[in-house]
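# Descriptive analysis of the structure
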Amino acid sequence: MSVPAEPADARAEIHVRLERVGKTFPGRGRRAAPVVVLDDVSLEVRRGEVFGVIGSSGAGKSTLLRLINGLETPTSGRVYLGERELGALNERGRREARGDTGMIFQQFNLFRSRTVAGNVAYPLKVAGVGQPERDRRVARLLAFVGLLDRAHDHPERLSGGQKQRVGIARALATEPSLLLVDEATSALDPETTGEVLALLGQVNRELGVTIVIVSHELDVIRSLADRVAVLDVGRVVETGTVYDVFTRPRTTAAARLIGTDLRERPSPATLARLRSGPGGGRLVTVRVREGDGEGERAEERGGARPGLAHVFLAHQVAAEVVFGGIRELQGRPAGSLTFELSGADAAVDAALAALRADGVDVVEEPAGNA
Ligand SMILES: Nc1ncnc2c1ncn2[C@@H]1O[C@H](COP(=O)(O)OP(=O)(O)OP(=O)(O)O)[C@@H](O)[C@H]1O
């Protein structure tokens, strides 16, 4: 039996590609200067992944999505869906691209005059799908989002979370391979947010739909995305796995946005309280990240990971955890711990140097009455 040939790296097939994209809007007033919203943005979204875009308000996130679904055209650069460059498509190609791309919005954008079923059926009607097939698909989609029993209700009778589930069903009606999600949970309470994110995860895993999600909420990106781009005033300053970008932001802009998220340092008041305690040792905050301490020196040790405790022990330094926490991010540990270290100054210095040499991020909290 012959085995179907697979691309060398099927996972890395590119679904969406932005190549040096710029977007400038004319200024609003008569003499107002043009507004540069996106500047030289390049990024690649892999087929089947959830790709997050984070950035503060006005960074250009919504504009980025609107360029991907063709609602805006770039001022410079190119946008590709698979092999197709959006700007080079004829009307028919554009229609096909639109049908292959679903979008959901913060404010749901449902038709108030149509029922739940009518909302989900709408894109199918536009696409010319006949009634029997339309009814079948609508029923299947409403079952998928758990709203089959609300088919004949109007949106105003639904909760925010239910409205967004209708939005998701409608976006999936034409069976797109790409779903663009614009702040879909920003209008929802935390519990409902969790339900909608779980549903989006299901869309990705069970239907194989690629998702690009923009949000200013770190929690949303953390819980759903595989990889993330950080957008700062119109520029992508960092791209990587959620784990890497969240546990070790490499740019000031990303650190500003994410920095405090997984790396909680004690406040000055907490530091003062810790210093007034009986220990009196030096305080250091260590970022906890899988893979740290597995740097070049790991080879010298035959690959064995030292672990923080072992390094302290080896240098005869007593280490007490006084602050911090570790949680799970993409199934791996991430967080920070503040230790109070007791031992000879030279021994503490040597232990910290050993950790740093292994690539561990260590910050000594300032001494004195901070
Ligand atoms: N059609 C337009 N004409 C002029 N300026 C625009 C237009 N659309 C967006 N902008 C401006 O572009 C900038 C980025 O907007 P965009 O909505 O993409 O940002 P965002 O990161 O999604 O922000 P938010 O999270 O607040 O929605 C803003 O300053 C906005 O005022």
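Looking at an unreviewed UniProt entry, one finds the protein chain named Methionine ABC transporter (ATP-binding protein) and attributed to Frankia canadensis.

With numbering matched to this structure, UniProt assigns "domain: ABC transporter" (unreviewed entry) to residues 16–258. Secondary structure across residues 16–258 divides into 38% helix and 26% strand, with the first and last C-alpha atoms of the span separated by 25 Å.

This paragraph deals with the packing of helix 3 (residues 116–126) against helix 4 (residues 131–144). Across the interface, helix 3 lies against helix 4 with an axial gap of 9 Å and an inter-helix angle of 125 degrees. By the angle between their directions, the pair helix 3 and helix 4 is classed as oblique. Here helix 3 runs over helix 4; the crossing is right-handed. Along its contact with helix 3, which presents Val 116, Ala 117, Val 120, Ala 121, Leu 124 and Lys 125, the element helix 4 presents Arg 134, Arg 137, Val 138, Leu 141 and Leu 142. Class assignment of the residues belonging to the contact of helix 3 with helix 4 gives a composition of eight nonpolar, no polar and three charged.

Our next topic: helix 3. Taken residue by residue, helix 3 has Val 116, Ala 117, Asn 119, Val 120, Ala 121 and Leu 124 as its buried positions. In this structure, the buried residues of helix 3 make contact with helix 4 and helix 5 (160–172). Within two residues after helix 3, Gly 128 carries a phi angle of roughly 80 degrees, on the positive side.

With that out of the way, let us pick up the sheet that holds strand 5 (residues 84–85). The antiparallel open sheet is built from four strands, whose spatial order is 2-1-4-5. Edge positions in the sheet fall to strand 2 (35–46) and strand 5, since each has one partner strand and no second. Here strand 1 (residues 14–25) runs beside strand 4 (residues 76–81); their pairing, made up of five bridges, is antiparallel. Bridge pairing in strand 4 links Gly 22 to Ser 76.

This part is about the environment of Tyr 80. As for its placement among the helices and strands, Tyr 80 is situated in strand 4. Spatially, the C-alpha atom of Tyr 80 lies 19 Å from that of Leu 231, the residues being 151 residues apart in sequence. Not counting the four nearest positions on each side in its chain, Tyr 80 is found in contact with Arg 17 and Glu 85.

A word on the packing of helix 5 against helix 6 (residues 190–207). Think of two packed helices as two axes; the pair is described by the angle between the axes and how far apart they sit. Two numbers describe how helix 5 lies on helix 6: the axes approach to 9 Å, and their chain directions differ by 15 degrees. In terms of their interaxial angle, helix 5 and helix 6 are classed as roughly parallel. In this structure, helix 5 crosses over helix 6, and the sense of that crossing is right-handed. Contact residues: helix 5 offers Gly 160, Gly 161, Gln 164, Arg 165, Ile 168 and Leu 172, while helix 6 offers Thr 192, Glu 195, Val 196, Leu 199 and Val 203. Class assignment for the residues of the contact of helix 5 with helix 6 results in five nonpolar, four polar and two charged.

All right, on to the pairing of strand 13 (residues 332–342) then. As defined by bridge partners, strand 11 (residues 282–289) adjoins strand 13 across eight bridges and the pair is classed as antiparallel. When the sheet's bridge partners are listed, Arg 282 is paired in strand 13 with Leu 341. Pairing analysis gives 11 bridges linking strand 12 (residues 318–329) to strand 13, with the strands arranged antiparallel. Counterpart to Val 321 in the pairing with strand 13 is Phe 339.

The ligand sits among Phe 25, Val 35, Val 37, Gly 55, Ser 57, Gly 58, Ala 59, Gly 60, Lys 61, Ser 62, Thr 63 and His 216. Elements supplying a minimum of two residues to the shell around the ligand: strand 2 and helix 1 (61–68). Counting residues per element, the shell around the ligand draws most heavily on helix 1, at three residues. Among the residues forming the shell around the ligand, the class breakdown is four nonpolar, seven polar and one charged.

Here the focus is the sheet that holds strand 6 (residues 101–104). Reading across from one edge, 6-7-8-3-9-10 is the order of the six strands in this open sheet, with mixed pairing throughout. Strand pairing shows two members of the sheet lacking a second neighbour, strand 6 and strand 10 (235–241), which therefore form its edges. Neighbour to neighbour, the strand axes of the sheet diverge by 15 degrees on average, direction disregarded. Where strand 7 (residues 178–182) meets strand 8 (residues 210–215), five bridges bridge the pair, whose relative direction is parallel. Across the sheet, the residue bridging to Leu 180 is Val 212, located in strand 8. Helix 1 rests against strand 3 (50–54), strand 7, strand 8 and strand 9 (227–232) of the sheet, and its axis sits at about 155 degrees to strand 8.

Conventions and cut-offs
- Residue positions are given per chain, counting from 1 as you read along its sequence in written order.
- A pLDDT threshold of at least 70 governs which residues receive local features in this predicted model, and a stricter bar of 80 or more applies before side-chain atom pairs are shown or counted, although totals over entire chains, interfaces and linings include all residues.
- UniProt positions are given in the numbering used here, feature names are shortened, and annotations may be inferred rather than shown by experiment.
- Runs of E in the DSSP output that reach at least two residues are strands. Runs of H or I that reach at least four are helices, and both are numbered from the N terminus.
- Here, axes are lines fitted to C-alpha atoms. For helices the fit covers the stretch in contact, and angles between N-to-C directions go from 0 to 180 degrees.
- Should an angle lie under 35 degrees it is considered roughly parallel, over 145 roughly antiparallel, and from 65 to 115 roughly perpendicular; all remaining angles are considered oblique.
- Take the far helix as the reference: if the near one is turned anticlockwise from it by less than a right angle, the crossing is left-handed, and if turned clockwise, right-handed.
- By definition, residue pairs are in contact when their C-beta atoms, positioned from the backbone, come within 7 Å.
- When residues are sorted by character, Ala, Val, Leu, Ile, Met, Phe, Trp, Tyr, Cys and Pro go into the nonpolar class, Asp, Glu, Lys and Arg into the charged class, and all the rest, Gly among them, into the polar class.
- With C-beta atoms placed from the backbone, a residue is labelled by how many other C-beta atoms lie within 10 Å of its own: buried for 20 or more, exposed for 12 or fewer, partly exposed between the two.
- Pairing between two strands is assigned when DSSP locates at least 2 bridges connecting them.
- Here is the check we use: build the C-beta atom from the backbone, and if it is within 6 Å of the molecule or strand, call the residue near.

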